[in-house]
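# Summary of structural features
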Amino acid sequence: MRKTLYLKFLLAYFIFGFFGFMVVATFVSSMTMEHLKREKADALYREATLIANTYASDLYNNETSLDTVKKQLDALDTYLSANLWIINPSGRMILDSQSPLDVETETVITDFDPTVTENTYYTIGNFFDSFLEEQLSVFAPITSDYKVRGYVVIHYPISSIETSCNSLLNISYLMLIILFLLSMIILIFFTEMVYLPLRKITEATEQYAAGNMQYEFQIDSEDEIGYLGATISYMASEIARSEDDQKKFVANVSHDFRSPLTSIKGYLEAMLDGTIPPELYEKYLTIVLNETDRLTKLTNSLLTLNNLNTRGIMLDKSFFDINKVIRNTAASFEGTCKNKTIAIELILTGDELLVNADIGKIQQVLYNLLDNAIKFSHPDSIIKIETTEKHNKIFVSVKDSGIGIPKDNLKLIWDRFYKSDLSRGKDKKGTGLGLSITKEIIHAHGEHINVISTEGVGTEFIFSLPVAADENED
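Residues numbered from 1 in each chain as written. Predicted model: local features only at pLDDT ≥ 70, side-chain atom pairs only at ≥ 80, totals over all residues. Heavy atoms only, no water.

### Here we look at the pairing of strand β1 (residues 83–87)
Side-chain positions along a regular strand alternate between the two faces of the sheet. The line we're drawing: Here's how the labels work: a residue is buried when its accessible area is under 20% of the maximum for its type, exposed when over 50%, partly exposed in between, all with a 1.4 Å probe on protein chains only. Numbering of helices and strands runs from the N terminus; a helix is a DSSP stretch of H or I covering at least four residues, while a strand is a stretch of E covering at least two. Here the rule is simple: two strands pair whenever DSSP picks up at least two bridges between them.
Across the five residues of β1, five count as buried, placing the element largely inside the fold. Here β1 shows two buried faces, one formed by Asn 83, Trp 85 and Ile 87 and the other by Leu 84 and Ile 86. In this sheet, strand β5 (residues 147–157) lies alongside β1 in antiparallel orientation, the contact comprising five bridges. Residue pairing across strands places Ile 86 opposite Val 152, the latter belonging to β5. The sheet contact formed by β1 and strand β2 (residues 93–96) spans three bridges and is antiparallel. Note on β2: the bridge partner recorded for Ile 87 is Met 93.

See the structure below:
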């Protein structure tokens, strides 16, 4: 397409013009000539028939004189621009509109044969060597008493027909030239609406292929070309954003791995060089163990997130009681809640509330949300977990009365490794991946998760699950 599409279109345009002229010069020319010959032959045959049935018939019936008929033929010669003859079946000339009346001199058409027309009423040629140029000759028999007494023959020069044909062809050529020039409008439209936008798109794709994802271009069109340009521009912006996310991801992973590794290395070196006395080994080994737990948790979260992105989430859906899963998950945090004097209040709809989902993945969602709620709640506070049913959906709410999330950060909490400034002091072991994993799991179920938070008041996460269909239904 590059550098050749426009030339190909121009070549096709000029080939169209060339063949247009060739068609007019050959097929149209021959068809026009044949049409004019038949048309002229028809007109002359009607005149010859009229003469044969009137003046010539009266002449052979001795009802008029040669002079009178000669005057009529001379007048018709001028009117028709043709040469009119009256000849006998033997070929003897009786009257010639272009020769003076001479009864003393006999003129005979050698080898005259009235059947030369071959079942038509006209012939083309020099009429038995009577003319130097081709003539269109029309025959009309003169009959009397059911006998052919002679013939009215009208000769019309083929050169005159060719002149008329050329005049018509000149009009055709002129119309073809006008059409060819008008068709340049198509070329202009192609240039402005297709070729130039395609050049912009091609240049943009070259820039993107070279790694310049910040290159901007605009196509002011609402058709398919404009949509293509907008799609490519959007694709480039998404790739650029993905690259930025990848850089942030690597930076965050590096930072989150470097911090615990630095602590572990520092404490171990201090223990080896005697900076930390043996009686404090237990304390600092505990810190080292906590840091390794943090690394393990970070690694597991990264593996989980990578599997979600590469293979997608493979769900093993089943019917289960969401209330029971909530109770079991809350019970697993009993020790943590006791240490922080935090209470978990369950407000569950009914004794049993069946949903259709992946029980393992939903347990992970509840664990992540409850773990966050406990981390960022104040001591002696209450965390509420509530289930409700509306419009064939089960809504699960996890609400705390902790530090809350700043309004400007609400859209960022789903990003990988995101930690708000307010949470950094409290979330010592967090990876910043829990909410990203949670969102991926809920979306894999075709459902949604939302957050409502007020800084200094608390945060509420609400997600939906499909109600289990009645097994007794058909």
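### Describing the nonpolar core
The condition is simple: As used here, the term nonpolar core means buried Ala, Val, Leu, Ile, Met, Phe, Trp, Tyr and Cys residues forming a set that is joined through side-chain atoms within 4.5 Å. Only heavy atoms matter for contacts: two residues are in contact if any of them lie within 4.5 Å across the pair.
Counting 38 residues, the largest nonpolar core has Ile 322, Ile 362, Leu 366, Leu 369 and Phe 463 as the members making the most contacts within it. Looking at which element gives the most residues to this core, the answer is helix α10 (residues 359–375), with seven residues. Filtering out sequence-adjacent residues up to four positions away, Ile 322 remains in contact with Leu 353, Val 355, Ile 362, Leu 366, Ile 394, Val 396 and Leu 465. Listed in part, the 30 residues of the second largest apolar core include Val 69, Ala 140, Tyr 156 and Ile 161.

### Examining the sheet that holds strand β7 (residues 343–347)
So the rule is basically this: Lines fitted to C-alpha atoms define the axes here, with helix axes fitted over just the stretch in contact, and angles between the N-to-C directions of these axes take values from 0 to 180 degrees.
What the five strands build is an open sheet, ordered β7-β9-β10-β12-β11; its pairing is mixed. One side of each edge strand has no neighbouring strand; the edge strands of this open sheet are β7 and β11 (449–454). When the angles between neighbouring strand axes are averaged without regard to direction, this sheet yields 15°. As paired strands, strand β10 (residues 393–399) and strand β12 (residues 458–466) are joined by seven bridges and run antiparallel to one another. Bridging across to β12, Val 396 finds its partner in Phe 463. Across the sheet, helix α8 (residues 322–332) lies against β7, β9 (382–390), β10 and β12, angled at about 175° from β7, the strand it touches most.

### Description of the pattern of salt bridges
Two side chains with opposite charge may pair up if their charged atoms get near one another. Stated precisely, the cut-off is as follows: Salt bridge, as used here: a side-chain nitrogen of Lys or Arg that lies within 4 Å of a carboxyl oxygen of Asp or Glu.
Tallying each qualifying case throughout the model produces seven salt bridges. Salt-bridge contacts for Glu 34 lead to Lys 37; the nearest nitrogen and oxygen are separated by 3.9 Å. Here Glu 34 pairs with Lys 37, and both are found in helix α1 (residues 5–53), just three residues apart, close to one helical turn. One salt bridge connects Asp 74 with Lys 70, and the closest N-O pair in it is separated by 2.7 Å.

### Details of the sheet that holds strand β3 (residues 122–125)
The antiparallel open sheet is built from five strands, whose spatial order is β2-β1-β5-β4-β3. In the strand order of this sheet, the two ends are held by β2 and β3, each with one partner. Sheet twist, expressed as the mean angle between neighbouring strand axes with direction ignored, is 25°. In the packing of α1 onto the sheet, contacts are made with β1, β3, β4 (135–144) and β5, and the angle to β4 comes to roughly 25°.

### Remarks on the packing of aromatic side chains
The cut-off we apply is this: Ring geometry is summarised as follows: Phe, Tyr and Trp rings, the Trp one being its six-membered ring, pair when their centres sit within 6.5 Å, and such pairs are stacked at plane angles under 30 degrees, edge-to-face over 60 and tilted between the two.
Taken as a whole and assessed by the stated rule, the structure comprises 19 aromatic pairs. Judged by centre distance (6.0 Å) and plane angle (15°), the rings of Phe 21 and Tyr 173 are stacked. Of this pair, Phe 21 sits in helix α1 while Tyr 173 sits in helix α4 (residues 158–182), and the two are 152 residues apart along the sequence. When its relative accessible area of 29% is taken as the criterion, Phe 21 is described as partly exposed. Pairing Phe 112 with Tyr 151 gives two aromatic rings, centres 6.0 Å apart and planes at 65°, and the pair type is edge-to-face. One end of the pair, Phe 112, is in the loop between β2 and β3; the other, Tyr 151, is in strand β5, with 39 residues separating them in the sequence. Here Phe 112 matches Tyr 151 in class, with each residue buried. Following the ring pairs from residue to residue traces out a cluster consisting of Trp 85, Phe 112, Phe 127, Phe 128, Phe 131, Phe 139 and Tyr 151.

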